[in-house]
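Commentary on secondary and tertiary structure
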There are 2 protein chains.
Amino acid sequence: MQPVVAKGKITTEHVAAFQQIVGKEYVLVDEETLRHYGHDETEHLLFLPEVVLKPRTAEEISSILKICNQDALPVTPRGGGTGLSGGALPHLGGVLIAMERFNTILQIDERNLQVTTEPGVITEVLQDSVKERGLFYPPDPSSRGSCFIGGNIAENSGGPKAVKYGVVKDYVLNLEMVLPTGEIIWTGANVLKNSTGYNLTQLVVGSEGTLGIVTKIVLKLIPLPKYDLLMLAPFASLEKASEAVSAIFRAGFTPSAMELAEINALKIVSKMVDSHAVPVNDDIAAHLIIEVDGNNMDVLMSEMEAIAELLQQFDAGEVFFADDAQQKAELWKLRRRVAEAVKSSGYTIEEDTVVPRAELPALIKGVKQLGVQHNFDVVCYGHAGDGNLHVRIHKEGIPNSHGNPEMQHILGELFKLVHSLGGTISGEHGIGLIQKGYMDIVFREANLKLMRDIKKAFDPNNILNAGKIFDL
Amino acid sequence: MQPVVAKGKITTEHVAAFQQIVGKEYVLVDEETLRHYGHDETEHLLFLPEVVLKPRTAEEISSILKICNQDALPVTPRGGGTGLSGGALPHLGGVLIAMERFNTILQIDERNLQVTTEPGVITEVLQDSVKERGLFYPPDPSSRGSCFIGGNIAENSGGPKAVKYGVVKDYVLNLEMVLPTGEIIWTGANVLKNSTGYNLTQLVVGSEGTLGIVTKIVLKLIPLPKYDLLMLAPFASLEKASEAVSAIFRAGFTPSAMELAEINALKIVSKMVDSHAVPVNDDIAAHLIIEVDGNNMDVLMSEMEAIAELLQQFDAGEVFFADDAQQKAELWKLRRRVAEAVKSSGYTIEEDTVVPRAELPALIKGVKQLGVQHNFDVVCYGHAGDGNLHVRIHKEGIPNSHGNPEMQHILGELFKLVHSLGGTISGEHGIGLIQKGYMDIVFREANLKLMRDIKKAFDPNNILNAGKIFDL
């Protein structure tokens, strides 16, 4: 990764002012720090910020943004740095605001089944904390051990449980945020139903840090299901596996996870973590990982059996039931680390396609055809129950899509395919820096104009995460 | 109801142009029609439009809006006319667009568990149609027998099932809409997860017909639960009943309905429909109506028993289990007709307060105190499981809140109370015309400015349902 050199708009006066606001130790300009905050998990991309700030309060962020707004300095907010669309990359240099000191869960409200948290809390920490009280926050990205809940809000993250429990947007009740002009607002109220004016909360969820910097988050929680069961089903054909997916829902089942992984992806990750938990024989093309959860074990057992029987109609091989917590954990670990494994083995470009569930077989077929046609290797995996397929591409000599015309053409073809199937560009990763060039494939100019005008309403000087999602 | 005389901006040339677009028979200016479309279910209010149009296609609406946009004519879209916040009242005269000819369910997609419908379909018709295929669209406003699904989108409606299944916003995947400038867009894609740009779909849901006119709706469906059980629990104290509500959720149950009705409301509706299904003895202050649903009858039975047992801690009287479909239907009929009944008996002013669930007892106590203090009668009922309490007010000589300073003061006090409990003005009815004066109680000026700027982005000439939610 070659760093992109910063554009040098930040003056020593700015740095001094920032030091006044957050304290000297939280204003960083050394190269190591700049390099650390210059990349996230997106491909091989590095853009150096000019200064990294680590504020602790909404008021500090407000003061910072007022200065940046006045002097038109680019500001990039950053959570855990696990993003896959470049949303946290400071591609214009300027100020990077690292949210890691907003790391406190403020209140777990057991009376109302809600949690109020700061955005810099690691998602898994939040999940474990509410779990101790018998409560459940389902959205569950693969990066949950290191991503921040604030980043999950920014990207409207999903994860395996989304298929039954919905995505981040379905849990966000209210947000405290600092607007680019420095004002601090709450977007809504801590209530389960709300028809009071435009839904600013839902507008901010998934807005990728372009509309404001979220400083407090109120999430709905639900009672923790008592039991879950997990099974692994091998298929001799990737398409048969994907056909089985929608059949399960049509039969009236709602699994709590319904993951698909192509055998190549599983081979790579099994090797990386030295696991033999998943059979990777030559006659297997893909596995489905299927979980059911609930409060009655008998019901779950019979559901699992019925699903396993249904799978036989799609030529599933011998189904493996994970017997204990350790086996389950092993399977989930493998699934969670697929992205990391395939990336490190050369599949550096990841797309986050999503189609109506029943179009998954057509999508997979089309993706494979594109690979043959344009001579790239591709592995597929993801949240099949949601029609959300992660497509990892390896093409010799093209490690990233940013600025490479050949790869841009290929991705354009991919997204046209997705659109023709009624789908769209991103299910849970966001558009960020690297997908923005394809927005006109799925949206009309009138849609994009509305989005740009909304951006201007929040951020008249276009300082906050400018050039993400779209260019103004 | 005295009609407010229209302002007379529509010319004979406009009428002729509209006739060209939609056909003569669908351009109506006779007084009977104007009076019919001059009111909805909101208090006693009547505002005459100047002309009523009944278009059939998005293209026709586009042509109409282009004319109105050019000549700055006020346009009010209208669904079933069952609104309770005056959202469909043509208070500025002008053009009323009646959506009743958009009455076709376009596709029930059993492969993807989705339905595509036009907005003028009656909600219950839609529900019944998908039910025949074993599918379930849960949002279920009391007016479902006459309201339009498009109006439900506009108000982000809820209803009894919201407590388990969520509100309208949780089911809307994609909307076709005509912008005030005449352009026709789709807001999103027909997918279950979407992180592709700002969520215009969620912004439009609950925007009360101010941002565009929705012409097609894609909704997520879920498998229809096989069974449900219903019980009625009497309480000697309204506060005990409301305390029981949050205790049920804290104990890990998620009923599919959790309704509260004060005894006065039940007395009135029982008399109106001549029913003895609900005991209205003098020692009863309120009833809870509790439903559970699912696919396993044994599980439901044991849940019901456990809930009934829990209720005893809150001094519930003898619990009545509805034994058959007829008894259930009778109870639901009573519940659904409460609003109509109490309105016709003089409680003409309805507020749609919502607080965090556990604050319900404090809200009820505060509402009763306000009644004593300001000398009005009040009955309460609503979706207790969501903290969504409908407050019906009767004050001698003040039949509606619009333009009455004394009632406006009272409502201001009510909403300050709601806000102090962490709640907000409307849970499911919207702000419309009659609550807009109270928005500054729950929002800062920065919030309201964002909403106004979003409105301007969609509707630069402020033609569409202008003066609803806020004034520009």
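Procedures and definitions
- Residues numbered from 1 in each chain as written.
- Chains lettered and ligands numbered in written order.
- Predicted model: local features only at pLDDT ≥ 70, side-chain atom pairs only at ≥ 80, totals over all residues.
- Heavy atoms only, no water.
- Helix = DSSP H or I, 4+ residues; strand = E, 2+ residues; numbered from the N terminus.
- Rg over C-alpha atoms; globule rule 2.2 N^0.38 Å.
- Buried < 20%, exposed > 50% of the residue type's maximum accessible area, 1.4 Å probe, protein only.
- Contact = heavy atoms within 4.5 Å.
- Areas by Shrake-Rupley, 256 points an atom, 1.4 Å probe, with all protein chains shown as cover.
- Lys, Arg positive; Asp, Glu negative; His and termini not counted.
- Charge placed at Lys NZ, Arg CZ, Asp CG, Glu CD.
- Arc of directions from axis to C-beta.
- Least-squares fit on C-alpha atoms with pLDDT ≥ 70 in both.
- Pairing = 2+ DSSP bridges.
- UniProt positions renumbered as here; feature names shortened; annotations may be inferred.
- Buried area = accessible area lost by both parts, 1.4 Å probe.
- Salt bridge = Lys/Arg side-chain N within 4 Å of Asp/Glu carboxyl O.
- Polar contact = N/O pair within 3.5 Å; in protein donor to acceptor, adjacent residues only side chain to side chain.
- Nonpolar A, V, L, I, M, F, W, Y, C, P; charged D, E, K, R; others polar.
- Phe/Tyr/Trp six-rings, centres within 6.5 Å; stacked < 30°, edge-to-face > 60°.
- Axes fitted to C-alpha atoms, helices over the stretch in contact; angles between N-to-C directions.
- Patch = residues over 30% accessible without salt bridge, like charges linked within 9 Å, V, L, I, M, F, W, Y side chains within 5 Å.
- Domains from an automatic or database assignment.

1. Focus on the overall build of chain A
Along its length, chain A carries 16 helices and 18 strands. For 472 residues, the compact-globule formula gives about 23 Å, and the C-alpha radius of gyration of chain A, at 22 Å, lands near that figure. Each of the three principal axes of chain A carries a C-alpha extent, and together these read 70 × 55 × 45 Å. Classification of the 472 residues of chain A by burial places 64% in the buried group. Partitioning the intrachain contacts of chain A with sequence separation of at least 6 by distance along the chain shows that 73% fall at a separation of at least 24. Carbon together with sulfur atoms contributes 48% to the accessible area of chain A, which is approximately 16500 Å² in total. In chain A, the 43 positive side-chain charges and the 60 negative ones have mean positions that sit 4 Å from each other.

2. What to know about helix 4 (residues 123-131) of chain A
Residue and element names in this part refer to chain A. All buried positions along helix 4 are accounted for by T123, L126, Q127, S129 and V130. Looking straight down helix 4, one finds that the buried residues subtend no more than 165° of arc, so they occupy a single side. Buried residues in helix 4 make contact with strand 5 (105-109), strand 6 (114-117), strand 7 (135-136), helix 5 (149-155) and strand 10 (213-220).

3. Quick look at the relation of the copies chain A and chain B
Here chain A sits on chain B after a turn of 180° about the axis and a move of 0.0 Å along it, with an RMSD of 0.0 Å. Given the turn and translation reported, the copies of this chain are related as if by a two-fold rotation axis. A high fraction, 100%, of the interface residues of chain A reappear at the interface in chain B, so the copies pair face to face through one surface.

4. Things to note about the pairing of strand 5 (residues 105-109) of chain B
All names here are of chain B. Note that strand 5 and strand 6 (residues 114-117) share four bridges and pair antiparallel. Counted as the bridge partner of Q107 is T116 from strand 6. The hairpin formed by strand 5 and strand 6 contains four residues between the paired strands, and L113 there has a positive phi angle of roughly 55°.

5. Describing the UniProt feature "domain: FAD-binding PCMH-type" (unreviewed entry) in chain A
When the UniProt feature table is mapped onto this chain, "domain: FAD-binding PCMH-type" (unreviewed entry) is found at residues 45-224 of chain A. Along residues 45-224 of chain A one finds 22% helix and 23% strand; the C-alpha atoms at either end are 39 Å apart.

6. Quick look at the interface of chain A and chain B
Across the boundary between the two partners, chain A contributes 81 residues, which contact 81 residues of chain B. With both sides pooled, the region where chain A packs onto chain B buries about 6100 Å², and carbon together with sulfur makes up 59% of that total. The largest contributions to the chain A side of the interface with chain B come from A:K193, A:S195 and A:Y198, which together make up 16% of the buried area. Joining chain A to chain B, the criterion identifies six salt bridges. Residue A:E359 is joined to B:R111 by a salt bridge in which the shortest nitrogen-to-oxygen separation is 3.2 Å. Here chain A is connected to chain B by 34 residue pairs in polar contact (both at pLDDT 80 or more). Counting residues per element, the ones that place at least two in the side of chain A that touches chain B are strand 9 (184-186), helix 7 (200-204), helix 8 (238-250), helix 15 (439-442) and helix 16 (445-458) of chain A. When residues in the side of chain A that touches chain B are grouped by element, the largest group, nine residues, is from helix 16 of chain A. A per-class count over the side of chain A that touches chain B returns 34 nonpolar, 31 polar and 16 charged.

7. Quick notes on the pattern of salt bridges
A full pass over the atoms with the stated rule returns 56 salt bridges over all chains. For B:D293, the salt bridge is made with B:K164, and the minimal N-O distance between the two is 2.7 Å. Residue B:D293 is found in strand 14 (residues 286-294), and its partner B:K164 is found in helix 6 (residues 162-165); the two are separated by 129 residues along the sequence. B:D293 gets classed as buried once you look at its relative accessible area, which sits at 8%. What emerges from the salt-bridge pattern is a single network uniting A:E124, A:D140, A:R144 and A:R336.

8. Looking at the packing of aromatic side chains
Residue and element names in this part refer to chain B. All told, the structure shown has eight aromatic pairs over all chains when counted by the stated rule. An angle of 80° between the planes, with centres 5.9 Å apart, marks the rings of Y137 and Y171 as edge-to-face. One end of the pair, Y137, is in the loop between strand 7 (135-136) and helix 5 (149-155); the other, Y171, is in the loop between helix 6 and strand 8 (172-178), with 34 residues separating them in the sequence. In this pair, the class of Y137 matches that of Y171, namely buried.

9. With respect to helix 9 (residues 263-272) of chain A
All names here are of chain A. Turning to helix 9, its buried residues are I263, A265, L266, V269 and S270. Buried residues along helix 9 cover an arc of 155° about the axis, so they all sit on one side. Buried residues belonging to helix 9 abut strand 13 (257-262), strand 14 (286-294), helix 11 (325-336), helix 12 (338-344) and strand 17 (377-383). Of the residues trailing helix 9, D274 is marked for its positive phi of about 55°.

10. Topic: the sheet that holds strand 4 (residues 95-98) of chain B
All names here are of chain B. Taking strand neighbours across the sheet as the criterion, the four strands line up as 1-2-4-3 in an open arrangement whose pairing is mixed. Unpaired on one side and paired on the other, strand 1 (27-28) and strand 3 (75-78) mark the two borders of the sheet. In terms of strand pairing, strand 2 (residues 51-53) meets strand 4 through three bridges, oriented parallel. For L53, the partnering residue across the bridge sits in strand 4 and is I97. On the sheet, helix 3 (residues 58-71) packs against strand 2, strand 3 and strand 4 and is oriented at approximately 165° with respect to strand 4.

11. A closer look at a nonpolar patch on the surface
A cluster of nonpolar side chains, namely A:Y227, A:M297 and A:M301, defines an oily patch on the protein surface of about 250 Å² accessible area. Turning to its location among the elements, A:M301 is positioned in helix 10 (residues 297-312).

12. Focus on unusual backbone geometry
When glycine is set aside, most residues are seen to have a negative phi, and most peptide bonds are trans. Positive phi values are uncommon outside glycine, yet A:D274 reaches one of about 55°. Tracing the chain through its elements places A:D274 in the loop between helix 9 and strand 14. Even without being a glycine, B:I469 presents a positive backbone phi close to 70°. Within the element layout of this structure, B:I469 appears in the segment after helix 16 (445-458).

13. Concerning the domain arrangement of chain A
All names here are of chain A. In terms of domains, chain A is made up of domain 1 (12-101), domain 2 (105-223), domain 3 (227-339) and domain 4 (346-427). Domain 1 and domain 4 are separated by 32 Å when their C-alpha centres are compared. For the pairing of domain 1 and domain 4, the buried interface totals around 520 Å² over both sides, and the portion due to carbon and sulfur atoms is 54%. Area buried by domain 1 at its contact with domain 4 is led by E43, H44 and L84, which between them contribute 80% of it. The interface formed by domain 1 and domain 4 holds zero salt bridges in total. One can count zero residue pairs in polar contact (both at pLDDT 80 or more) joining domain 1 with domain 4. Among the residues making up the side of domain 1 that touches domain 4, the classes are represented as three nonpolar, one polar and one charged.

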